[in-house]
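Chains, contacts and geometry: an overview
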Amino acid sequence: MTFELPLALATLAVVLIGHFGTWIALYNRINATGLKRTTIKRIEKAIVLACGIIPILLLLIEWTQHGFVGVFNGLLGGASAWSRLTIAYSIVAGMLGILLAPFWIMDRPQFATAKDRVTVTSAENLNLVKQTRENGEIYIQGDSFRKMSLLPGNQIVSLQGNCKRLKFKHLPKDIAGLRVAHLSDVHMTGQLSNAFYRLATDWIAEQCPDVIILSGDIVDNEFALQQLQPVFDGLSAPLGMYFVLGNHDRRLVDPTIVCRKLCELGWTDLGKEQARRQYQGTTLRLIGNEQPWFQRSSGPLEFQSRESSPLDEWTIGVSHSPDQFAWGIKNRCQLMLCGHTHGGQIRFPIVGPIIAPSWYGTRYASGVFEKNETVMHVSRGVSGVHPFRWGCPPEVSVLELTSL
Ligand SMILES: [Fe+2]
């Protein structure tokens, strides 16, 4: 079959988009499941192998039949009798590319975020601020992170302190001005030092928030448990500090050790129990969700009907995964705080992030989202186990609640 060059290139692009897009979509979704970590890692490896090996295998098959020049000409639309296998796979990948591309485009966080609900009032690079005040802090203590941090543009310790104004349609007068500190995905592994994490906690303390929320992925291994006390010691807020666990907290032999240590430091475990606090005449209700990784039963994990929900309370829902947005909406959460997706860790110009462990792909990679009466803030997180971030600096935030 002979193609005009532009048509051939467009066909090749659609096939490649279909191929890579479908395997990446599967990769994102498998990491959103509550499957055992070892099972997820096995499936992940199979997906990565399939993604890389299938095109190479097909090219090798064609190369043995047509030679290098034949394959090159064929890709550019010259006559080539491709094998049935190559034709069949290209048709399937191309069809998937055509069918799914509109959904992938719609799910870009650039289109999905509720930009009119948030204003960033200040953004500081806490690493740079600290360095100009006092030199000599060592933020990276692990070899792999240190080596990877040398890659140009790697932002793993470029921690941002962001003050954001969140706008609500129907905000009770009492709640207006409430300041909520949100940190997520601390990922203590021993790779980053206590001094790095203190950039986040010291900045929060300087902002004097009314309440502090930690939305999961706190400690990744037993060795790093010793970092909890020096990092969080001394932190407090008038309305309290609250946390839920994330999927990485399952890596510990006994994740309840994290809960116990944080509770000893003054935190409240929202995975175990909901909380109510009085704030200027309004009752603030805080509820947690650790689905699909933990099934701790004391929290309101079941959907509540609007009728049975307390209408006179203002509810903050905390979930590690933004996939629980529907749970927050059904439980009448006016504000929902999540992490898990790390902003995608790598964000390309125009395209944005590609990888995010969510049933919704990269839609909830980071930012502010709104549905019905619920506004959801998804943090890019403080750290991660993968030692690279490009175009996606880690963050800690203070959210000031205001009326629209
Ligand atoms: Fe995480």
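Residues numbered from 1 in each chain as written. Predicted model: local features only at pLDDT ≥ 70, side-chain atom pairs only at ≥ 80, totals over all residues. Heavy atoms only, no water.

This part covers the coordination of the iron ion. Any two of four tetrahedral donors ideally make an angle of 109.5 degrees at the metal, while pairs among six octahedral donors ideally make 90 or 180 degrees. Within the first shell, the iron ion binds the protein through D185 (OD), H187 (NE2), D217 (OD) and H342 (NE2), at distances of 2.0 to 2.2 Å. Note that the iron ion binds four donor atoms; their angles at the metal cover 87 to 175 degrees, and the shape is irregular. Expressed as a motif, the donor residue spacing for the iron ion is D-x1-H-x29-D-x124-H. When sorted by exposure, D185 lands in the same class as H187, which is buried. (Donors = N, O, S within 2.8 Å, 3.2 Å for Na, K, Ca; no water. Tetrahedral: all angles 85-135°; square planar, octahedral: opposite > 155°, others 65-115°. Buried < 20%, exposed > 50% of the residue type's maximum accessible area, 1.4 Å probe, protein only.)

A separate point is the nonpolar core. Counting 44 residues, the largest nonpolar core has L183, F232 and W267 as the members making the most contacts within it. Listing elements by their share of this core, those giving two or more residues are β3 (179–183), α7 (194–207), β4 (211–215), α8 (228–232), β5 (241–244), α9 (256–264) and β15 (395–403). Looking at this core element by element, the count peaks at six residues for α7. Setting aside chain neighbours within four positions, we find L183 in contact with I204, I212, I213, L214, S215, F232, W267, V382 and V396. Counting 25 residues, the second-largest nonpolar core is a separate cluster that includes L166, V211, L284 and I316. (Core = buried A, V, L, I, M, F, W, Y, C linked by side-chain atoms within 4.5 Å. Helix = DSSP H or I, 4+ residues; strand = E, 2+ residues; numbered from the N terminus. Contact = heavy atoms within 4.5 Å.)

Let us look at the pairing of strand β8 (residues 282–289). With respect to burial, β8 is a largely interior element, eight of its eight residues being buried. Every second residue of β8 is oriented toward a common face, with T282, L284, L286 and G288 on one face and T283, R285, I287 and N289 on the other, all of them buried. Counting the residues in the hairpin turn of strand β7 (residues 275–279) and β8 gives two residues, including Q280, whose phi is positive at 45 degrees. Pairing of β8 with strand β9 (residues 313–319) involves seven bridges; the strand directions are parallel. The partner of L286 across the bridge, within β9, is I316. (Pairing = 2+ DSSP bridges.)

Looking now at the sheet that holds strand β6 (residues 267–269). The seven strands lie next to each other as β1-β2-β15-β3-β4-β5-β6, forming an open sheet whose pairing is mixed. One side of each edge strand has no neighbouring strand; the edge strands of this open sheet are β1 (118–125) and β6. The mean angle between the axes of side-by-side strands here comes to 20 degrees, regardless of whether they run parallel or antiparallel. Looking at chain direction, β1 and strand β2 (residues 160–168) are connected through seven bridges and run antiparallel. Following the sheet pairing, A123 is matched in β2 by N162. Sheet strands in contact with α9 are β4, β5 and β6, and its direction is about 140 degrees off that of β6. (Axes fitted to C-alpha atoms, helices over the stretch in contact; angles between N-to-C directions.)

On domain assignment, one finds that the protein chain holds domain 1 (5–106) and domain 2 (109–403). The distance between the C-alpha centroids of domain 1 and domain 2 comes to 36 Å. In this complex, domain 1 contributes 14 residues to the contact, which on the side of domain 2 involves 15 residues. For the pair domain 1 and domain 2, the summed buried surface comes to about 1200 Å²; carbon and sulfur atoms form 54% of the total. Of all residues in domain 1, N28, R29 and A32 bury the most surface against domain 2, accounting for 39% of the area lost on that side. Between the two partners, domain 1 and domain 2, sit zero salt bridges. Counting every contact that joins domain 1 to domain 2 gives seven residue pairs in polar contact (both at pLDDT 80 or more). (Domains from an automatic or database assignment. Buried area = accessible area lost by both parts, 1.4 Å probe. Salt bridge = Lys/Arg side-chain N within 4 Å of Asp/Glu carboxyl O. Polar contact = N/O pair within 3.5 Å; in protein donor to acceptor, adjacent residues only side chain to side chain.)

The next point concerns the sheet that holds strand β14 (residues 374–378). Sheet architecture is open: six strands sit in the order β7-β8-β9-β10-β14-β13, paired in mixed fashion. Strands at the two margins of the open sheet, each flanked by one partner only, are β7 and β13 (367–371). Averaged over all pairs of adjacent strands, the angle between their axes in this sheet comes to 20 degrees, without regard to strand direction.

Another point: the packing of helix α1 (residues 5–30) against helix α3 (residues 84–106). Packing of α1 against α3 leaves a shortest axis separation of 7 Å and a crossing angle of 70 degrees. If you check the angle between α1 and α3, you find them roughly perpendicular. Crossing angle aside, the handedness with which α1 passes α3 is left-handed. Here V14, V15, I17, G18, H19, G21, T22, W23 and A25 of α1 lie close against α3, whose contacting residues are Y89, S90, A93, G94, L96, G97, I98, L100 and W104. Of the residues belonging to the contact of α1 with α3, the class tally is 11 nonpolar, seven polar and no charged. (Parallel < 35°, antiparallel > 145°, perpendicular 65-115°, else oblique. Left-handed = near helix turned anticlockwise from the far one by under 90°. Nonpolar A, V, L, I, M, F, W, Y, C, P; charged D, E, K, R; others polar.)

This model, assessed by the stated rule, comprises 13 salt bridges. Note that E44 and K41 form a salt bridge whose closest N and O atoms lie 3.2 Å from each other. Here the residue E44 and the residue K41 both occupy positions in helix α2 (residues 37–75), the gap between them amounting to three residues, near one helical turn. On the accessibility criterion, E44 (10% relative accessible area) is buried. With a relative accessible area of 28%, K41 lands in the partly exposed category. Salt-bridge contacts for R251 lead to D220; the nearest nitrogen and oxygen are separated by 3.5 Å. Taken as a pair, R251 in the loop between β5 and α9 and D220 in the loop between β4 and α8 lie far apart in primary sequence, 31 residues in all. What makes D220 buried here is its relative accessible area of 5%. Overlapping salt bridges bring together D116, R117, K169 and E370 as one network.

This brings us to the packing of aromatic side chains. Counting across every chain of the model gives eight aromatic pairs. Ring geometry for Y139 and F196: centres 6.3 Å apart, planes at 70 degrees, overall edge-to-face. Within this pair, whereas Y139 is found in the loop between α5 (126–133) and α6 (143–149), its partner F196 is found in helix α7, the two being separated by 57 residues in sequence. The pair formed by Y139 and F196 is uniform in burial state, with each residue classed as buried. Ring geometry for F196 versus Y197: centroids 5.5 Å apart, planes at 70 degrees, classification edge-to-face. Taken together, the ring pairs in this structure connect F325, Y360, Y364 and F369 into an aromatic cluster. (Phe/Tyr/Trp six-rings, centres within 6.5 Å; stacked < 30°, edge-to-face > 60°.)

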